[in-house]
Amino acid sequence: MDHRVMKEFIEEFYDIGRIQRVEVMKQGTSSEAKCIDSSAGRYVLRKLRDERQAVNEERLHHVLSLQNISPAMVIARNGLSYVHLNDEIYNLQYYVEETVPYDQETMHFVEFGNMLARFHHAAYKLEIMDQQDRFALSLLWSQVRDEVRGSSSAIIGSLEGHVEQCTEYIVRNDSLIHGDLGVWNMLFMKQKTLLIDFGEVRRGDPHFDVAAALTSMIPATVRANECLSIIEDVMKGYAEAGGLLTREQLYEQIHLWLLRGWLAWIRERGVTSPMVQHMERGVRRVAVFKELLL
């Protein structure tokens, strides 16, 4: 859609004044986003995968924005928080001002853990439309198994053992989880962190969200004692908000999250030299987390 058509589309469906500028933003994993400047303020227009995602996000944002956990959505003239244009679906969110880059040194990890527990608690009873886990371990393994088994690399061959281990972990599906909670789906501010892009939301284990957050926030170069301090702060904040995390389940979900990433890399790009190096570092990270948590 060109910018002229997009301006006319937004002005037709949303009461936000005249559109002054449309700028492409960094793309997420489950949506495309554009920054919209209008006479009424600044907004983010997101193209969604399907109506299922649109309905789920509407239900989540309605609850989470009230608790200051995610940005609020703009209600369209149709009374919904999403609109159709031909075969495409969009929603519009208020732009969050004064965001800052993620900085481990200034991050309040106890408060972050507290926010994650409040998110899981607030979302727990929500009814959402079921959607497939696009990166389910069984699906990924079925897609790359032959390539892994045919590889001459020992580290790549060891993936089958990791799959067997992670398959044995107890599967929990009693909570509503974000499903892709890396730093790329967070907005950082001086006093708080907001969650965005709920395109992968589904029933699952809350430890999975915490695992995704921790592994994306803690660089592989961080010393073990510093890594443990961050984990303990997040778990402390989570507990203060009434949530419960166990070290064993957190380690298992960290292992699973990293393994899914390795398999997804192979599915998308094949077995390459950078992938082998990436996995070598990843295996060392798994060992560090195992030593710290078990």
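What you are looking at is a predicted structure, and each value in this text was computed from that prediction instead of being measured.

> Help me get a handle on the overall build of the protein, residues and values and all.
When helices and strands are tallied, the protein shows 10 helices and nine strands. In summary, the protein has a C-alpha radius of gyration of 20 Å against a globular reference of 19 Å for 294 residues, a match within 12%. Its C-alpha atoms give the protein principal-axis dimensions of about 60 × 45 × 35 Å. When each of the 294 residues of the protein is scored for burial, the buried share is 50%. Restricting the contact set of the protein to residue pairs at least 6 apart, pairs at least 24 apart contribute 70%.

> Please give an account of the packing of helix 7 (residues 206-217) against helix 8 (residues 224-240) that cites residues and values.
Across the interface, helix 7 lies against helix 8 with an axial gap of 12 Å and an inter-helix angle of 140 degrees. In terms of crossing hand, the pair formed by helix 7 and helix 8 is right-handed. Note on element contacts: helix 8 touches helix 7 through Ile-230, Ile-231, Val-234 and Tyr-238, opposite Pro-206, Val-210 and Leu-214. Split by residue class, the contact of helix 7 with helix 8 holds seven nonpolar, no polar and no charged.

> Kindly report on the nonpolar core, identifying the contributing residues and their values.
With 68 residues, the main nonpolar core has Leu-60, Phe-112, Leu-159, Ile-231, Leu-250 and Leu-263 as its most contacted residues. Sort the elements by how many residues they give to this core and helix 9 (residues 247-269) lands first, with 12 residues. Apart from residues no more than four positions distant in its own chain, Phe-112 is found in contact with Met-107, Met-186, Thr-193, Ala-213, Met-217 and Val-234. Core analysis: the next-biggest nonpolar cluster, separate from the first, contains 16 residues, Ile-10, Tyr-14, Val-22 and Tyr-90 among them.

> Report on the packing of aromatic side chains, specifying residues and quantitative values.
With the rule as written, the count across this model stands at six aromatic pairs. Look at Tyr-43 and Tyr-94: their rings are 5.6 Å apart centre to centre, the planes differ by 45 degrees, and that puts the pair in the tilted class. Taken together, the residues Tyr-43 in strand 3 (residues 41-48) and Tyr-94 in strand 5 (residues 88-94) connect sequence positions 51 residues apart. Taking relative accessible area as the criterion, Tyr-94 reaches 41% and is therefore assigned partly exposed. Here Arg-42 stacks its cationic end above the ring of Tyr-95, 5.0 Å away from the centre of that ring. Lying over the aromatic face of Trp-265, Arg-269 brings its terminal NZ or CZ to 4.5 Å of the ring centre.

> Before we move on, can you summarise the pairing of strand 5 with the specific residues and values?
Among the seven residues that make up strand 5, five are buried, leaving the element largely enclosed by the rest of the structure. In the sheet, strand 3 pairs with strand 5 via six bridges, with the strands oriented antiparallel. If you follow Tyr-43 over to strand 5, its bridge partner there is Tyr-94. Bridge count between strand 4 (residues 82-85) and strand 5: four bridges; the pairing is antiparallel. Among the inter-strand pairings, His-84 is bridged to a residue of strand 5, identified as Ile-89. What sits between strand 4 and strand 5 in their antiparallel hairpin is a turn of two residues, with Asn-86 showing a positive phi close to 60 degrees.

> Outline the layout of surface pockets, listing residues and values.
In this approach the atoms are scanned with a rolling probe the size of a water molecule, which exposes any empty space left behind. Approximately 810 Å³ is the volume found for the largest pocket. If you go around the largest pocket, you meet 24 residues; those closest to its centre are Trp-184, Trp-257, Arg-260, Gly-261 and Ala-264. At the level of elements, helix 7, helix 9 and helix 10 (273-293) are the ones that each hand at least two residues to the lining of the largest pocket. A per-element tally of the lining of the largest pocket places helix 9 first, with nine residues. Here the lining of the largest pocket is built from residues that sort into eight nonpolar, seven polar and nine charged.

> Could you give an account of the environment of Glu-252, naming the residues involved and the relevant values?
By the secondary structure assignment, Glu-252 is in helix 9. Sequence-distant contacts of Glu-252, that is, excluding residues within four places in its chain, are made with Tyr-169 and Ile-170.

> Give me the lowdown on the pattern of salt bridges, citing residues and values where you can.
Within this structure, the stated rule accounts for 19 salt bridges. Here Asp-15 ties to Arg-77 by a salt bridge, and the two come within 3.7 Å at their closest N and O atoms. Placement of the pair is Asp-15 in the loop between helix 1 (3-13) and strand 1 (19-24) and Arg-77 in the loop between helix 2 (51-64) and strand 4, with a sequence separation of 62 residues. Exposure remark for Asp-15: the relative accessible area of 64% places this residue in the exposed category. Two residues, Glu-88 and Lys-47, come together in a salt bridge whose shortest N-O distance is 3.0 Å. With Glu-88 in strand 5 and Lys-47 in strand 3, this pair connects stretches of sequence that are 41 residues apart. What makes Glu-88 partly exposed here is its relative accessible area of 27%. Residue Lys-47 is classed as partly exposed on the basis of its relative accessible area, which comes to 24%. Through salt bridges with shared partners, a single ionic network connects Arg-21, Glu-23, Asp-37 and Arg-42.

Quick notes on the rules
- Residues numbered from 1 in each chain as written.
- Predicted model: local features only at pLDDT ≥ 70, side-chain atom pairs only at ≥ 80, totals over all residues.
- Heavy atoms only, no water.
- Helix = DSSP H or I, 4+ residues; strand = E, 2+ residues; numbered from the N terminus.
- Rg over C-alpha atoms; globule rule 2.2 N^0.38 Å.
- Buried < 20%, exposed > 50% of the residue type's maximum accessible area, 1.4 Å probe, protein only.
- Contact = heavy atoms within 4.5 Å.
- Axes fitted to C-alpha atoms, helices over the stretch in contact; angles between N-to-C directions.
- Left-handed = near helix turned anticlockwise from the far one by under 90°.
- Nonpolar A, V, L, I, M, F, W, Y, C, P; charged D, E, K, R; others polar.
- Core = buried A, V, L, I, M, F, W, Y, C linked by side-chain atoms within 4.5 Å.
- Phe/Tyr/Trp six-rings, centres within 6.5 Å; stacked < 30°, edge-to-face > 60°.
- Lys NZ or Arg CZ within 6 Å of the ring centre and 35° of its normal.
- Pairing = 2+ DSSP bridges.
- 1 Å grid on protein atoms, 1.4 Å probe; cavity = no way out; pocket = protein on both sides within 12 Å on 5 of 7 lines; lining within 4 Å.
- Points joined across faces, edges and corners; volume = space filled by probe spheres on them.
- Salt bridge = Lys/Arg side-chain N within 4 Å of Asp/Glu carboxyl O.

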